[in-house]
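# Coordinate analysis (summary)
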Amino acid sequence: MTLTACQKDEGLVSDGATSQTITVTIPQGMQTRATAADFGNGAKIDRCLLQIYHSGTTPAKYGEQQSATVQKGADGKLTATFNLRLVAQQTYDFVFWADCSEAGYETDDLSAITLGSDADYTGNDDKFDAFFLCKKDYTVTESFSETFTLRRPFGQLNVKTLDLAAIPDNAADLKPAKVKVNFTSLPNTFNALTGEESGEAAVEYTADVLNATGELTVDYIWAPVEQATLADFKMTFLDAAGKEISANSDFKSIPIRRNYRTMVSGNLLTKQGDITVEIDPNFYKPDITVVTRSE
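Residues numbered from 1 in each chain as written. Predicted model: local features only at pLDDT ≥ 70, side-chain atom pairs only at ≥ 80, totals over all residues. Heavy atoms only, no water.

### Regarding the sheet that holds strand S17 (residues 201-208)
Note on sheets: strands pair through backbone hydrogen bonds, and any given pair is parallel or antiparallel. Under the convention used in this document: At least two DSSP bridges between two strands are needed for those strands to be called paired. Only DSSP runs of H or I covering at least 4 residues are called helices, and only runs of E covering at least 2 are called strands; the numbering of each starts at the N terminus. Interaxial angles span 0 to 180 degrees and are taken between N-to-C directions of axes, which are lines fitted to C-alpha atoms, for helices over the stretch in contact.
Within the open sheet, the four strands sit side by side as S17-S14-S19-S20. Their pairing is antiparallel. Sheet topology places S17 and strand S20 (244-256) at the edges, where each strand pairs with a single neighbour. Neighbour-to-neighbour, the strand axes of the sheet open up by a mean angle of 15°, direction not taken into account. Of the strand pairs in this sheet, strand S14 (residues 178-186) and strand S19 (residues 229-238) are connected by six bridges, and their pairing is antiparallel.

In structure tokens:
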């Protein structure tokens, strides 16, 4: 998926400057989900931010952060283009961040992206998907037109129960309508300049289960490129009124890796049980004897 939008010049003009165009591309990313819920396709991305850095200036930021509104083309592609004027023979770092503006990410400083104080993370919400890129040491020698591809800073965690059908229809109130998820500790800050996540925070939310096929939750979790983040969490299953049905605390050291899906599935709602019935053919002793008098 290509992401393009028009952006006005924001005063990045000086003597000896030359004109440049940068087009940001956001890929389809993870494979299409074979479910009704289509998470991870980038469809909710509606803005792209660009901060330029120049090592020869103080402060290092070169101009103000720029924002491009996402446009959807006739071919269905989303595209975002930044039209710049940069001083020739100079070297720059381009830092991009693309997200859904409704998610509430705090992006004034792209080296410390967090959820804002007024925003709460909730699972099963694709608006928390996002993409980034830091293109370092780009030297401007002449007018250019470049296309850069952004990638996710997240791993996607999917949880599905396989035993929903084991609960009979006449006990439908025991089938969860909501789920409360408690993560013991997750990264809570991302540096788009270095591509590194940091911080630790407990995360808790309650959301409607994803669908009636057993898919429960989808989460976006800051994760490294190589060594996976290991997540511990607990799920509490709730009815439509929010009353607890049961809970499962067996989610330990679940690996989360950047731009990969982690699929967790199993019989999360029920426990296997065997009942053996023995029939003793012997009667209790002593026998009950009834004596009647005949006339």
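Moving on, there is more to tell.
### Here we look at unusual backbone geometry
So the rule is basically this: Burial classes: relative accessible area under 20% of the type maximum marks a residue as buried, over 50% as exposed, and values in between as partly exposed (1.4 Å probe, protein chains only).
With an omega of 0°, the peptide bond running from Lys 285 to Pro 286 counts as cis. For Asn 124, which is not glycine, the phi dihedral falls at a positive 60°. Assignment of secondary structure puts Asn 124 in the loop between strand S10 (114-115) and strand S11 (130-140). When its relative accessible area of 17% is taken as the criterion, Asn 124 is described as buried. Residue Ser 253 is not a glycine yet carries a positive backbone phi of 50°.

### Brief notes about empty space enclosed by the protein
Where empty space is left becomes clear once a probe the size of a water molecule has been rolled over the atoms. Rules: Space inside and on the surface of the protein is sampled on a 1 Å grid over the protein atoms alone, with a cavity defined as a set of points where a 1.4 Å probe fits but cannot get out and a pocket as an open set with protein on both sides within 12 Å along at least 5 of 7 lines; lining residues have an atom within 4 Å of a point. Grid points are joined across faces, edges and corners, and a volume is the space filled by probe spheres set on the points. When residue character is reported, Ala, Val, Leu, Ile, Met, Phe, Trp, Tyr, Cys and Pro are called nonpolar, Asp, Glu, Lys and Arg charged, and the others, Gly included, polar.
Considering all chains together, one arrives at one cavity of 30 Å³ or more under this definition. Quantified by volume, the largest cavity comes out at close to 30 Å³. When its residues are assigned to classes, the lining of the largest cavity shows four nonpolar, two polar and no charged.

### Looking at the pairing of strand S3 (residues 47-54)
Buried residues dominate S3, accounting for eight of its eight residues. The side-chain alternation of S3 yields two buried faces, one formed by Arg 47, Leu 49, Gln 51 and Tyr 53 and the other by Cys 48, Leu 50, Ile 52 and His 54. Where S3 lies against strand S4 (residues 66-69), four bridges are found, and the strand directions are antiparallel. Across the sheet, the residue bridging to Arg 47 is Thr 69, located in S4. Direction of pairing for S3 relative to strand S8 (residues 90-99): antiparallel, over a ladder of eight bridges. Looking at the pairing, His 54 lines up with Tyr 92 of S8.

### Thoughts on the sheet that holds strand S18 (residues 215-222)
Read across the open sheet, the three strands follow the order S18-S13-S21; overall the sheet is mixed. The two strands at the open ends of the sheet, each matched to only one other strand, are S18 and strand S21 (261-266). Strand-to-strand twist across the sheet, computed as the mean angle between neighbouring axes with direction ignored, equals 15°. Across six bridges, the pairing between strand S13 (residues 154-161) and S21 is parallel. When the sheet's bridge partners are listed, Gln 156 is paired in S21 with Arg 261.

### A look at the side chain of Thr 23
Heads up, the condition is: Distance and chemistry together define a polar contact, namely a pair of N or O atoms within 3.5 Å, with one atom able to donate a hydrogen and the other to accept it when in protein, and with adjacent residues in sequence counting only for side-chain atoms on both sides.
Here Thr 23 shows up in strand S2 (residues 17-25). By relative accessible area, Thr 23 is classed as buried at 16%. For Thr 23, the side chain forms a polar contact with the side chain of Thr 81, separated by 3.4 Å.

### Examining the packing of aromatic side chains
Where we set the bar: Each pair of aromatic rings taken from Phe, Tyr and Trp, with Trp reduced to its six-membered ring, is defined by centres within 6.5 Å and is described as stacked if the planes are under 30 degrees apart, edge-to-face if over 60, and tilted in the remaining cases.
Scanning the entire structure with this criterion turns up 20 aromatic pairs. On the numbers, 6.3 Å between centres and 35° between planes, the contact of Phe 94 with Phe 148 is tilted. Taken as a pair, Phe 94 in strand S8 and Phe 148 in strand S12 (residues 144-149) lie far apart in primary sequence, 54 residues in all. One aromatic cluster is present, formed by Trp 97, Tyr 105, Tyr 121, Phe 128, Phe 132, Phe 154, Phe 190, Tyr 205, Tyr 220 and Trp 222 through successive ring pairs.

### Some details on the nonpolar core
Stated formally: In this text, buried Ala, Val, Leu, Ile, Met, Phe, Trp, Tyr and Cys residues form a nonpolar core when linked through side-chain atoms within 4.5 Å.
Counting residues in each nonpolar core, the largest one holds 48 residues, and the members touching the most others are Trp 97, Leu 157, Val 159, Phe 183, Phe 233 and Met 235. Of all the elements, S18 adds the most residues to this core, at five residues. Core analysis: the second largest hydrophobic core is formed by 23 residues, Tyr 62, Ala 80, Phe 94 and Phe 131 among them.

### With respect to the layout of surface pockets
The calculated volume of the largest pocket comes to roughly 390 Å³. Residue lining of the largest pocket: 18 residues in total, with Leu 115, Tyr 121, Pro 187, Asn 188 and Val 203 positioned closest to the centre. Those elements giving two or more residues to the lining of the largest pocket turn out to be S10, S17 and S18. The dominant element in the lining of the largest pocket, judged by the number of residues it contributes, is S17, at four residues. Of the residues assigned to the lining of the largest pocket, the class counts are 14 nonpolar, two polar and two charged.

From the geometry alone we can't say anything about function, so treat these as descriptive.
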